[in-house]
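# Structural description and commentary
Here are the chains, one letter per residue:
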Amino acid sequence: MATIEECRAALGRLSDSMQRTEGDVRAAVAMDRSVSCHVTDLDVTFAGRLTGGRIEVHDTLEGAPRERAQVRLAMKGDDLLALVDGELHFARAWGSGRVKLEAGLLDLLHLRKLL
């Protein structure tokens, strides 16, 4: 089972890779939105902001998100690590329910470029 520190580091690696994107994908990650990632098996939420092509984690909170972020993810820690490391395909994980993504319709349209 992944640890909180491993999950936090994975979000950092994801942010770094987002910073290096180009074209349509770059436009998708250039959004300015509040974001939360609830790691269900650890019952911890990373809350922050997607801004400037990066994910900036501001808080690590016990339990489910306290505030409704504009972009919300939920998954197990091992799935987060596998996604970031390229071992798990996001669309398949989302389709099977292993990863939950919630956002407004316009945000989902932008984020689909990442998928």
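Please read all numbers here as calculations on a predicted model, not as lab measurements. (Residues numbered from 1 in each chain as written. Predicted model: local features only at pLDDT ≥ 70, side-chain atom pairs only at ≥ 80, totals over all residues. Heavy atoms only, no water.)

## A short note on the pairing of strand β5 (residues 100-103)
Filter applied, for reference: Between buried and exposed lies partly exposed: a residue is buried under 20% and exposed over 50% of the maximum accessible area for its type, with that area taken using a 1.4 Å probe on protein chains only. A run of DSSP states H or I qualifies as a helix once it reaches four residues; a run of E qualifies as a strand once it reaches two. Both are numbered from the N-terminal end. At least two bridges found by DSSP between two strands is the condition for calling them paired.
Burial of the side chains of β5 is restricted to one face: L101 and A103 are buried, whereas none of K100 and E102 on the reverse face is. Two elements, strand β4 (residues 71-75) and β5, share four bridges in a ladder whose sense is antiparallel. Paired with A74 across the two strands is K100, which belongs to β5.

## Side note on the packing of helix α1 (residues 4-19) against helix α3 (residues 77-84)
Stated formally: Only the contacting stretch of a helix is used when fitting its axis, a line to C-alpha atoms as for every element, and angles between N-to-C directions run 0 to 180 degrees. Any angle from 65 to 115 degrees is called roughly perpendicular, while one under 35 is roughly parallel, one over 145 is roughly antiparallel, and all others are oblique. Left-handed describes a crossing whose near helix is turned anticlockwise from the far helix by less than a right angle; the clockwise case is right-handed. Any two residues whose heavy atoms approach within 4.5 Å are treated as being in contact. Put simply, Ala, Val, Leu, Ile, Met, Phe, Trp, Tyr, Cys and Pro go in the nonpolar bin, Asp, Glu, Lys and Arg in the charged bin, and everything else, Gly too, in the polar bin.
At a minimum axis separation of 9 Å, α1 and α3 run at an interaxial angle of 25°. One element, α1, and the other, α3, form an angle in the roughly parallel class. Helix-helix and strand crossings are classified by hand; for α1 and α3 the assignment is left-handed. Contact residues: α1 offers E6, C7, A10, L11, R13 and L14, while α3 offers G77, L80, L81 and V84. Its residues placed into classes, the contact of α1 with α3 shows seven nonpolar, one polar and two charged.

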